[in-house]
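One-letter residues, chain by chain:
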Amino acid sequence: MRIFAFLTLALVSVSAQNWTTYNGSYASTHYSTLDQITPSNVANLNLKWVAQADSLEKFEATPLIVDGVMYVSEPPNTAVAIDTRTGREYWRYERPVPPATFVCCGNINRGLAISGDTLYMGTLDAHLVALDRSTGRKKWETKVAEYTHGYSVTVAPLVVKDKVIVGPAGGERGISGFLAAYDAKTGKEIWKFHTIPQPGEPGHETWSGDAWKTGGGSTWVTGSYDPELNLIYWGIGNPGPDWNPFVRPGNNLYTDSVVALDADTGKLKWYFQFTPHDEWDFDSVQVPVLVDLDWHGKPRKAMLWGNRNGFFYVLDRTNGEFLVGKPFVKETWSSGLDDSGKPVKAPGKSPSIGGTDVYPGVQGGTNWYSPSFSPRTGYFYLTAWEDYHTAYFTFDEEYEAGKSFTGGSIRSPLPAISRDPIINWGPEWGYGVIRALNPMNGEKVWEYKMLDVSDAGILTTASDLLFSGNREGYFFALDARTGKELWKRYLGMQVADSPITYTVNGV
Amino acid sequence: MSFRRLCRGCLLLFWLAPLEAQHGSIAGLPFSTPKDVQAGQKSFRSQCASCHGLDASGGSVAPSLVSGAFKHGGSDEDLFNTITKGVPGTAMTAFALQGREVWQLIAFLRSTEIAHSAGKAPGDAAKGAQVYHAGGCARCHTDGSGTGGFTGPDLSEIGSHRTLAEIEQSIVDPSAEVAPEYWPVLAVTKAGETIHGIRLNEDMDSIQIRESGGHLRTLMKAELRSWEISRQSPMPSFKDRLSAGDLENLIAYLASLREPAAEGQSK
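## A short note on the overall build of chain A
Then step 1. When its secondary structure is counted, chain A shows 0 helices and 36 strands.
Then step 2. Its C-alpha atoms give chain A a radius of gyration of 21 Å, within 12% of the compact-globule value 23 Å for 507 residues.
Then step 3. Taken over the C-alpha atoms alone, chain A extends approximately 60 × 50 × 50 Å along its principal axes.
Then step 4. Burial statistics for chain A: of 507 residues in total, 55% are counted as buried.
Then step 5. A fraction of 61% describes how many contacts in chain A between residues 6 or more apart in sequence connect residues 24 or more apart.

## Considering the domain arrangement of chain B
Then step 1. By the assigned domains, chain B splits into domain 1 (31-120), domain 2 (125-176 + 236-266) and domain 3 (184-229).
Then step 2. In this structure, domain 1 of chain B and domain 3 of chain B have C-alpha centres spaced 46 Å apart.

## Looking at the interface of chain A and chain B
Reports often express the size of an interface as the amount of accessible area lost when the parts come together.
Then step 1. Listed by partner, the interface residues are 21 residues for chain A and 20 residues for chain B.
Then step 2. In terms of residues, the side of chain A that touches chain B owes the most to one element, strand β30 (residues 408-411) of chain A, which gives 3 residues.
Then step 3. In the side of chain A that touches chain B, the residues fall into 11 nonpolar, 4 polar and 6 charged.

## Description of helix α3 (residues 34-47) of chain B
Residues and elements named next belong to chain B.
Then step 1. Counted at 1.5 Å a residue, the expected span for α3 with its 14 residues is 20 Å, and the 20 Å between its end C-alpha atoms agrees.
Then step 2. Burial in α3 covers these residues: D36, V37, G40, Q41, S43 and F44. Within α3, the buried residues cover an arc of 165 degrees as seen down the axis, which keeps them to one side. The exposed residues of α3 that point more than 90 degrees off its buried face are K35 and S46.

## Examining the packing of helix α7 (residues 125-134) of chain B against helix α9 (residues 244-255) of chain B
All names here are of chain B.
Then step 1. Two numbers describe how α7 lies on α9: the axes approach to 7 Å, and their chain directions differ by 100 degrees. Accordingly, the angle class assigned to the pair α7 and α9 is roughly perpendicular. Two secondary-structure elements touch here, α7 through A125, K127, G128, A129, V131 and Y132 and α9 through D246, N249, L250, I251, A252 and Y253.
Then step 2. Of the residues contributing to the contact of α7 with α9, the split by class is 8 nonpolar, 2 polar and 2 charged.

## A short note on the sheet that holds strand β11 (residues 138-143) of chain A
Residues and elements named next belong to chain A.
Then step 1. The strand order β8-β9-β10-β11 describes an open sheet built from 4 strands, whose pairing is antiparallel. One side of each edge strand has no neighbouring strand; the edge strands of this open sheet are β8 (113-115) and β11. Adjacent strand axes in the sheet meet at a mean angle of 20 degrees when their direction is disregarded.
Then step 2. Pairing geometry for strand β10 (residues 127-132) and β11, over 5 bridges, is antiparallel. What sits directly across from H127, in β11, is K143.

## Re the sheet that holds strand β22 (residues 311-316) of chain A
Residues and elements named next belong to chain A.
Then step 1. The 4 strands are arranged β20-β21-β22-β23 in an open sheet whose pairing can be described as antiparallel. Across the chains shown, the open sheet's two edge strands, defined by having one partner strand only, are β20 (289-295) and β23 (322-327). Between one strand axis and the next, the sheet turns through 25 degrees on average, direction left out of account.
Then step 2. As judged from the 5 bridges shared by strand β21 (residues 298-306) and β22, these two strands associate in the antiparallel manner. Following the sheet pairing, G306 is matched in β22 by F312.

What counts, and at which threshold
Residues numbered from 1 in each chain as written. Chains lettered and ligands numbered in written order. Predicted model: local features only at pLDDT ≥ 70, side-chain atom pairs only at ≥ 80, totals over all residues. Helix = DSSP H or I, 4+ residues; strand = E, 2+ residues; numbered from the N terminus. Rg over C-alpha atoms; globule rule 2.2 N^0.38 Å. Buried ≥ 20, exposed ≤ 12 C-beta atoms within 10 Å, placed from the backbone. Contact = placed C-beta atoms within 7 Å. Domains from an automatic or database assignment. Nonpolar A, V, L, I, M, F, W, Y, C, P; charged D, E, K, R; others polar. Expected span 1.5 Å × (residues − 1). Arc of directions from axis to C-beta. Axes fitted to C-alpha atoms, helices over the stretch in contact; angles between N-to-C directions. Parallel < 35°, antiparallel > 145°, perpendicular 65-115°, else oblique. Pairing = 2+ DSSP bridges.

Right, here's the structure in full:
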């Protein structure tokens, strides 16, 4: 039996810090200014407490830390408040899961959002719930979408000003995706952006026939926000059906894109589509990392993006201009990007009846787990699956509301979602790496190679440390400048989450 | 189901990839769990049995589908095409089934192929049992009789999981492909000790092995001078060690080693 537990390590610092959003900040750099743990004392880190969760499912939630209290979600529909010094619970909110919920990849919930005294949580039955921070009691709930039609809300909400922003998962269920903003006080819908343009909306012409109705375009990982530009950036999931691209000719906007939306109105400012007419389930839901770079002598508001399709991108986040694109893992589905950043597809790589091998495999070169950017090193860090492939099969499938709608199947040598405690394959099936990239050109600066792949995100600190973990069950610290391993501890379970850091009462 | 779990479920020493191209195998299909096979059987009865017979062994208007030989192509893709597109000029029409159902049908056909192979083995299973014991197979394998070694896979239900051709290949070319849970390790410690075993598990820092005597041991990579994980089976080829008759009888014996459920299905 696998045991999942929250675990906190004594990440001690003198400067007070909370962790108030899924990505730690609106810029989503997963970089902390805390600096008391250093390369020279990191080896002294010890386990402080363990909190046992009820659920045995995989955690993909990032906790929030506000004034000494941890607020975190547990699978399937539970929110918990925990004392960060002792690990003891203050309260627990549990919402029943109706039997008809049917999510593709486990009863996942990626965490909460907070505004004032209110916490916000998405649910597997596709609702947004507001909870009182002190009691865990429900203040209101609002229906986001119809869960019996395959919609769920697994994303951690993002609070921007007086609005709470969420969208659905369900790209493998024939949903038609969106991103929506709700009034933080009442739950009333303020705006809704259709990630699959409806008839009459710009971009609808990139779909043929009725394919848009089941076009996917989920929004299952929390985006970023630039207060100065007042733009929300959000990654959009795969088109549906995943592996039968033949029934949806066209570029299939805005699947596999990043969209920049006006935070007040939800109006589209710009978009960039990483994988037009995706055939391999390359959701572009990765965390948009917002950084201001000295770009060849001039300041530039940039967005860094390690994409599931295996390419690293740098975009200008004011207008979506393509600046850099370079593969960070082995990929065979394209022969490169053109000057505008659009991929040139390689022949013979479409899913087929007999199966087509493509690198990267279905979990991509990277996926939902958070990357990081350190302003001190200037490097972009990401967790990658290297030398990893999948055989993609296609077939015709009739859409039935709420049921699986993938138009094919996959076969990977590596387990895509979960693993048992045995690792016994060969390196040719793929392996995990932490990579540091130079954002100016996408070149690899260093890498930390693992035996197994990893679903763990990355945290960097002002003391030039990098924290991450892997499916082998290790939680580790690396030198952010060199990639040298400085400390490692086996936790007895896979690490499938992104690390955070905080202080409480000065430590 | 993960590839590795599937391997473990089958407990097979040999992963016969080359055969997949010719005959296909359940493990090579996108939908291949026992549930899929069961669903495939259900579809078969409603869609196919009226022509091909309830047990797929052939009817008055359509051929047997359990022999492993298919007139219009026996690869997985061929079968998929035959089912979904039909065969012009014959009674085989195109079936408007969903892709998943087609794969489940194919999984059922593959399982049937295996289920029927015991009765079709040309050798004498009783004589094959004598070959098994005289040939020393039990030193490394068990046939479910309560004795036997553990260096190689458990063969007590091998007939339920592999076709005759696959079993033959395992005997004559054991290293064609060795399942990862039986990959041998050869390590030398910094102190100069040489260690042999089967790799059971591995991470960045350590390797868990079972030594030939059954002793479980963990090797720390930092303490090793060198280590090598081989894909070669320690089993010799029996190609020239057995007469053609003995080989045939041995295959018949191994094919007769079946799960209780599969036993019922084959009758």
